[in-house]
Amino acid sequence: MTGQGAPPQEAGDLMEKVVNLCKRRGFIFPSAEIYGGFRSTYDYGPLGVNMLRNVKDAWWRSMVQRRDDVVGLDAAILSSPRIWEASGHLANFTDPLVDCRNCHERWRADKIGDSCPNCGSTDLTEPRAFNLMFKTFAGPVESDATVAYLRPETAQGMFVNFLNVLQTTRKRPPFGIAQVGKSFRNEITPQNFVFRTREFEQMELEYFVPPAEADTWFGYWLETRMAWYLDLGIPTDKLRLRHHDPDELSHYSTATADVEFLFPWGWDELEGIANRTDFDLLAHAALSGEKLEFFDQGSGERYVPYVIEPAAGATRTMMAFLLAAYDEDEVGGERRSVLRLDPRLAPYQAAVLPLSKNDTLVPLSREVLGMLQPLCTCDFDVTQSIGRRYRRQDEIGTPWCVTVDFESLEDRAVTVRDRDSTTQVRIPIGGLAAEMKARLGA
Ligand code: ATP
């Protein structure tokens, strides 16, 4: 654990409030709750699934869609164990495990100092290496020959498809392969809500470059990735880059820096950006016998590219966006909690609210909803007083509420209320789509 955080009381409160809000409003549920829970996994509810998808889409737009040097991939989660042999995961993907001899809890030695966080005892066993990969069997026979692993990172899918992508896309270094998907790690101590879970989602880019350009591209990706978080609303004083000391580097890396967020318990990692050198391509080439290199037909030059890897966690990043967005203020003398999420990340961009349940307002409200749905994700809520409905939308981060009232039947206009300022403006229904597009930057 690193750095100093916010004052403990306030920080603890924030964490509790956000976890509570996630459960209460349907962002994130503890998994298998009706069976007493499953501690290390979570289910994303109706709002969470929207927001997580928005986080991944924002990443994909910036890393793939808006570039001509990066292509996407969706590789299998279950694949040949030889991948993990070559990558070094079978031998090296371990955490140091210690047992407390007093209360028998197990811990990750590098995260707890010299005493047990449960009972305070310093009577701990010597650390031993614990492999984090989930083991299973492929097919009906359970034997050494059928052992398979759930992938602990998405990155290897890009390395083993390096030639396929080169041949089918005619890309040349510098170019990248991007992937978003689930990864699995048998973490010794899953903790801090969805910060560390055994099943999670990653967003990774492997960017292949001529070796001489590796340092320059490493710097480029540090800047580009920091800018992504800031653009989506992480405040500058809650985001930093931390360069790894040489003795902290992974076995494959010559330089690594972490993008860190100021979590309630202190600074911690959102994303690792590493110069992985030619380690992975060489390792897979050696074990598979395939030449994993780039041949430049123009110059006749042949080389194994270096790889710069920005590797982020989608679920962990979503949690950071929620923590950064949570706020409380007062509106009309009443306290409210509000998620000041960037509209691109909010579960709903708009909520259409007929002022009254009265049947006469519903058809026009549905017409308005129908105009907005092709542009963004909308909620439609007819229950309770309008004030309470505004609070509900504020609390889940909906940036704009569109209210249809009795006057709307006469003037074909609606009231659009802004989440952050709570100001309201009247907008003709005919101009609503254009207004929404402008607000969404679409
Ligand atoms: P840590 O040191 O926190 O265990 P790491 O350095 O091993 O993480 P990487 O292998 O660099 O993590 O993975 C890239 C990203 O994937 C991390 O920055 C994080 O956002 C995410 N990630 C890794 N492990 C987990 C996990 N158990 N739960 C949720 N997200 C994770």
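This is a predicted model, so every value here is computed, not measured.

1. Observations concerning the overall build of the protein chain
Phase 1: Secondary structure summary: the protein chain contains 14 helices and 24 strands in total.
Phase 2: Seen through its principal axes, the protein chain has C-alpha atoms that stretch 75 × 65 × 50 Å.
Phase 3: Taking all 442 residues of the protein chain together, 51% fall into the buried category.
Phase 4: Considering only intrachain contacts with a sequence separation of at least 6, the fraction spanning at least 24 residues in the protein chain is 65%.
Phase 5: A total of about 20700 Å² of accessible surface is found on the protein chain, and carbon and sulfur atoms cover 49% of it.
Phase 6: Positive and negative charge centroids in the protein chain, built from 49 and 64 side chains respectively, lie 4 Å apart.

2. Concerning helix α12 (residues 386-395)
Phase 1: Within α12, the full set of buried residues consists of Arg-389, Tyr-390, Gln-393, Asp-394 and Glu-395.
Phase 2: Positive phi shows up at Gly-397, right after α12, with a value of about 90°.

3. Quick notes on the sheet that holds strand β9 (residues 147-150)
Phase 1: Here three strands make up an open sheet; going across it, the order is β4-β9-β8 and the pairing antiparallel. Either end of the sheet is taken by a strand with one partner, and the two such strands are β4 (78-79) and β8 (135-137).
Phase 2: Direction of pairing for β8 relative to β9: antiparallel, over a ladder of three bridges. Each residue of the ladder has a partner; that of Lys-135, found in β9, is Tyr-149.

4. With respect to the site of the ligand
Phase 1: Near the ligand lie 16 residues; those nearest to it are Glu-187, Arg-196, Thr-197, Glu-269 and Leu-270.
Phase 2: Glu-187 is positioned with one of its side-chain polar atoms (N or O) 2.7 Å from a nitrogen atom of the ligand.
Phase 3: Between the ligand and Thr-197, the relevant distance is 2.8 Å, taken from a nitrogen atom to a main-chain nitrogen or oxygen of the residue.
Phase 4: For the shell around the ligand, the secondary structure elements donating two or more residues are β11 (199-209), β14 (266-277) and β17 (306-313).
Phase 5: Ranked by the residues each element gives to the shell around the ligand, the list is headed by β14, at four residues.
Phase 6: Residue composition of the shell around the ligand, by class: five nonpolar, four polar and seven charged.

5. Focus on the environment of Gln-202
Phase 1: By the element assignment, Gln-202 lies in strand β11.
Phase 2: You can call Gln-202 buried: its relative accessible area is 7%.
Phase 3: When the C-alpha atoms of Gln-202 and Cys-378 are compared, they prove to be 27 Å apart, with 176 residues separating the residues in sequence.
Phase 4: Discounting residues that sit within four places of it in the chain, Gln-202 has contacts with Pro-152, Glu-153, Thr-154, Gln-179, Val-180, Gly-181, Ser-183, Arg-185, Ala-312, Gly-313 and Ala-314.
Phase 5: Looking at Gln-202, its side chain comes within polar contact range of the side chain of Ser-183, at 2.8 Å.

6. Quick notes on the sheet that holds strand β10 (residues 175-184)
Phase 1: A sheet is described by the order of its strands in space; here seven strands give the open sequence β3-β10-β11-β17-β14-β13-β12, paired in mixed fashion. Edge positions in the open sheet fall to β3 (70-72) and β12 (239-243), since each of these has one partner strand only. Pairwise comparison of adjacent strand axes, ignoring direction, gives a mean angle of 25° for this sheet.
Phase 2: Here six bridges tie β11 to β17, and the two strands are oriented antiparallel to one another.

7. Thoughts on the confidence of the model for the protein chain
Phase 1: On average, the protein chain scores 94 in pLDDT, and the residues at 70 or more come to 98%.
Phase 2: Note on residues 1-5: pLDDT under 50 across the span, and 13 contacts to partners over four residues away in sequence or across chains.

8. A closer look at the environment of Ser-115
Phase 1: In this structure, Ser-115 sits in the loop between α5 (109-112) and β7 (128-131).
Phase 2: The class for Ser-115 is partly exposed, based on a relative accessible area of 24%.
Phase 3: Spatially, the C-alpha atom of Ser-115 lies 8.4 Å from that of Cys-100, the residues being 15 residues apart in sequence.
Phase 4: Beyond its immediate stretch of four places on either side in the chain, Ser-115 contacts Gly-120, Ser-121, Thr-122 and Leu-124.

Cut-offs and rules
- Each chain has its residues counted from 1, running along the sequence as written.
- Only residues with pLDDT of at least 70 are given local features in this predicted model, and only at 80 or more are side-chain atom pairs given and counted; all residues enter the totals for whole chains, interfaces and linings.
- Excluded from the side-chain calculation are hydrogens and water; included are all heavy atoms of the structure.
- Segments assigned H or I by DSSP are reported as helices when at least four residues long, segments assigned E as strands when at least two residues long, and all are numbered from the N terminus.
- Burial classification: accessible surface area is computed with a 1.4 Å probe over protein chains only, and a residue below 20% of its type maximum counts as buried, one above 50% as exposed, and the rest as partly exposed.
- Between two residues, a contact is recorded if the distance between any of their heavy atoms is within 4.5 Å.
- Note on areas: Shrake-Rupley with a 1.4 Å probe; residue coverage comes only from the protein chains shown.
- Two residue types count as positive, namely Lys and Arg, and two as negative, namely Asp and Glu; His and chain ends fall outside the count.
- Think of each charge as sitting on NZ of Lys, CZ of Arg, CG of Asp or CD of Glu.
- Strands pair, by our definition, only if DSSP identifies at least two bridges between them.
- Being near a molecule or strand, for a residue, means having at least one of its heavy atoms within 4 Å of it.
- Residues adjacent in sequence count toward polar contacts only when both atoms are side-chain atoms; beyond that, a polar contact is any pair of N or O atoms within 3.5 Å, and within protein one must be able to donate a hydrogen and the other to accept it.
- Classification convention: Asp, Glu, Lys, Arg as charged; Ala, Val, Leu, Ile, Met, Phe, Trp, Tyr, Cys, Pro as nonpolar; all other residues, Gly among them, as polar.
- Orientation is described by axes fitted as lines to C-alpha atoms, over the contacting stretch for helices, and by angles from 0 to 180 degrees between their N-to-C directions.
- Values of pLDDT, ranging from 0 to 100, describe the predictor's confidence in every residue of the model.

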